[in-house]
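# Analysis of the macromolecular model
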Amino acid sequence: MARVLSLLCSLAVLHLLRKEDRHAPWLLAANPFWVLASTFVMSESLFTLLTVLYLQSLPHAHSRRHWLFRGMSAALCYYVRNVGLALVPATLLWMRRRPLSQQAAYLLGFALAAGPHLLLSSGYSSEFGALHFNRHLPAQYGAVMLGLPPGNLTPVYLGLFLLALYGLARKPRHSLAAAWTLCYLLIMLVWPYSDPRFALPVLPWLLLGLPKKLTAPLVVALIGLNLQQEPPAQYNLPPIPQSARLASTSMLPGLYQGIASYCSQQFIQTANGQPQTKTPGNQGLVGDPNQVLSITAVPFN
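Attention here is on the structure that accompanies the text. Model, not experiment: these values are computed from the prediction.

## Overview of the overall build of the protein chain
A tally of regular secondary structure across the protein chain gives 14 helices and two strands. Within the span of the protein chain, comprising 301 residues, buried residues form 50% of the whole. Contacts in the protein chain between residues far apart in sequence, at least 24 positions, make up 75% of those at least 6 positions apart. Summing over all exposed atoms, the protein chain offers an accessible surface of approximately 14600 Å²; the carbon and sulfur share of this is 65%.

Okay, here's the thing in structure tokens:
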């Protein structure tokens with residue numbers, strides 16, 4: 001049932017993205033990381049859907065009562081994923097020319113819904129990992145946009161990422177999405193973990209920023225590159241805690257599942273700065289299990 005809900009959320013995101021642009025959904029649907037996330041029993045698909053609904057609803061808010069409920073909607077995204085807190089500064093940045101009464105109503109709505117949790121929670125816990133500056137994030141997210149492992153084509157990934165950001169920022173219609181993407185990326189720059197799934201909440205908007213003329217060539221290249229990728233014969237990924245265990249991926253085509261799993265492993269290895277090694281009696285490519293476990297043992301939020 002959870003797999004079905006995740007798949008429905010992913011399909012809903014594709015449908016909503018068509019309202020913004022009719023080309024971007026094709027890039028998103030062809031991305032193997034997005035396809036794999038559609039079978040996760042995790043919060044990525046739901047969180048992405050909620051943020052897309054939230055961002056699309058803000059331009060229709062005109063009264064203080066509307067903004068009060070928008071603040072509560074932001075709190076709902078925060079409860080699904082803590083990084084949803086980035087919606088608040090993004091919204092305030094977008095609302096900078098709106099009346100102060102509407103901004104106050106928005107903050108009041110968020111405070112009423114999320115305030116108790118913020119006051120009672122102990123904040124960031126160092127047991128989940130030390131905060132650090134991830135200078136490889138732009139290239140890593142560019143690699144996710146193409147569904148390939150980072151490190152092999154770093155200049156291409158970096159250029160694609162910067163092109164997407166520039167294209168999104170220069171579209172007045174998508175100024176709110178640009179503010180959300182910026183605030184999200186600023187948090188991810190110091191996030192203690194590196195994983196392709198963390199790029200998914202902003203992946204639709206990054207793809208939206210790409211020039212429309214590149215859509216068809218990129219879709220063909222995306223599918224072609226991934227079909228040529230030869231994943232290892234066996235994947236020996238470290239065990240994931242029960243709180244973050246993935247669903248069975250029997251719904252996913254085997255080829256795309258293997259590609260995305262391999263890219264995910266490469267992504268973690270690159271973030272750790274450790275080369276892959278072969279272990280005796282195992283044909284799969286694995287890294288230091290303890291080091292990778294510290295990355296994959298991520299709390300549900």
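## Looking at the side chain of Gln-102
Counting through the fold element by element, Gln-102 comes out in helix α7 (residues 100-120). At a separation of 2.7 Å, a polar atom in the side chain of Gln-102 contacts the main-chain carbonyl oxygen of His-62. Excluding residues that lie within four positions of it along the chain, Gln-102 makes contacts with His-62, Arg-64, Trp-67 and Met-95.

## Details of helix α1 (residues 2-20)
Its 19 residues place the ends of α1 28 Å apart at the C-alpha level, agreeing with the 27 Å of an ideal helix rising 1.5 Å per residue. Those residues of α1 not exposed but buried are Ser-6, Cys-9, Ser-10, Val-13, Leu-14, Leu-16, Leu-17 and Glu-20. As for α1, its buried residues are in contact with α2 (24-29), α3 (32-37), α4 (44-57) and α11 (203-208).

## Overview of the environment of Val-13
If you trace the backbone, Val-13 turns up in helix α1. Judged by its relative accessible area of 1%, Val-13 falls in the buried class. With 33 residues separating them along the chain, Val-13 and Leu-46 place their C-alpha atoms 9.2 Å apart. In this structure Val-13 touches Leu-28, Trp-34, Thr-48, Leu-49, Val-52 and Pro-204, once residues within four positions along its chain are discounted.

## Regarding the environment of Tyr-184
By the element assignment, Tyr-184 lies in helix α10 (residues 175-188). Along the chain, Tyr-184 and Phe-198 lie 14 residues apart, while their C-alpha atoms are 9.9 Å from each other. Setting aside anything within four residues of it in sequence, one finds Tyr-184 in contact with Arg-81, Val-83, Ala-86, Tyr-141, Phe-198, Pro-201 and Val-202.

## What to know about the pattern of salt bridges
Throughout the structure, instances matching the rule amount to three salt bridges. Residue Asp-21 pairs with Lys-212 through a salt bridge whose shortest N-O separation is 3.7 Å. Of the two residues, Asp-21 sits in the loop between α1 and α2 while Lys-212 sits in the loop between α11 and α12 (215-228), which places them 191 residues apart along the sequence. Accessibility expressed as a relative area gives 9% for Asp-21, which makes it buried.

## A word on the nonpolar core
By size, the foremost hydrophobic cluster in this structure holds 74 residues, and its most contacted members are Tyr-141 and Trp-180. The leading source of residues in this core is α10, at nine residues.

## Comments concerning a nonpolar patch on the surface
On the surface, a cluster of nonpolar side chains totalling about 450 Å² of accessible area is made up of Met-1, Val-4, Leu-8 and Leu-11. Along the chain, Leu-8 falls in helix α1. Under the relative-accessibility criterion, Leu-8 is labelled exposed at 51%.

## Digging into the packing of aromatic side chains
All told, the structure shown has seven aromatic pairs when counted by the stated rule. Ring geometry for Trp-67 and Trp-94: centres 6.3 Å apart, planes at 50°, overall tilted. On the criterion of sequence distance, the pair formed by Trp-67 in helix α5 (residues 64-80) and Trp-94 in helix α6 (residues 87-94) is long-range, its members being 27 residues apart. Between Tyr-141 and Phe-161, the ring centres sit 6.5 Å apart and the planes meet at 85°, which makes this aromatic pair edge-to-face. Remark: Phe-161 occurs in helix α9 (residues 154-169) and Tyr-141 occurs in helix α8 (residues 137-146); sequence separation between them is 20 residues. Relative accessible area serves as the criterion here: at 4%, Tyr-141 is assigned to the buried category. Site record: aromatic cluster; members linked through ring pairs are Phe-47, Trp-180 and Tyr-184.

Cut-offs and rules
Residues numbered from 1 in each chain as written. Predicted model: local features only at pLDDT ≥ 70, side-chain atom pairs only at ≥ 80, totals over all residues. Heavy atoms only, no water. Helix = DSSP H or I, 4+ residues; strand = E, 2+ residues; numbered from the N terminus. Buried < 20%, exposed > 50% of the residue type's maximum accessible area, 1.4 Å probe, protein only. Contact = heavy atoms within 4.5 Å. Areas by Shrake-Rupley, 256 points an atom, 1.4 Å probe, with all protein chains shown as cover. Polar contact = N/O pair within 3.5 Å; in protein donor to acceptor, adjacent residues only side chain to side chain. Expected span 1.5 Å × (residues − 1). Salt bridge = Lys/Arg side-chain N within 4 Å of Asp/Glu carboxyl O. Core = buried A, V, L, I, M, F, W, Y, C linked by side-chain atoms within 4.5 Å. Patch = residues over 30% accessible without salt bridge, like charges linked within 9 Å, V, L, I, M, F, W, Y side chains within 5 Å. Phe/Tyr/Trp six-rings, centres within 6.5 Å; stacked < 30°, edge-to-face > 60°.

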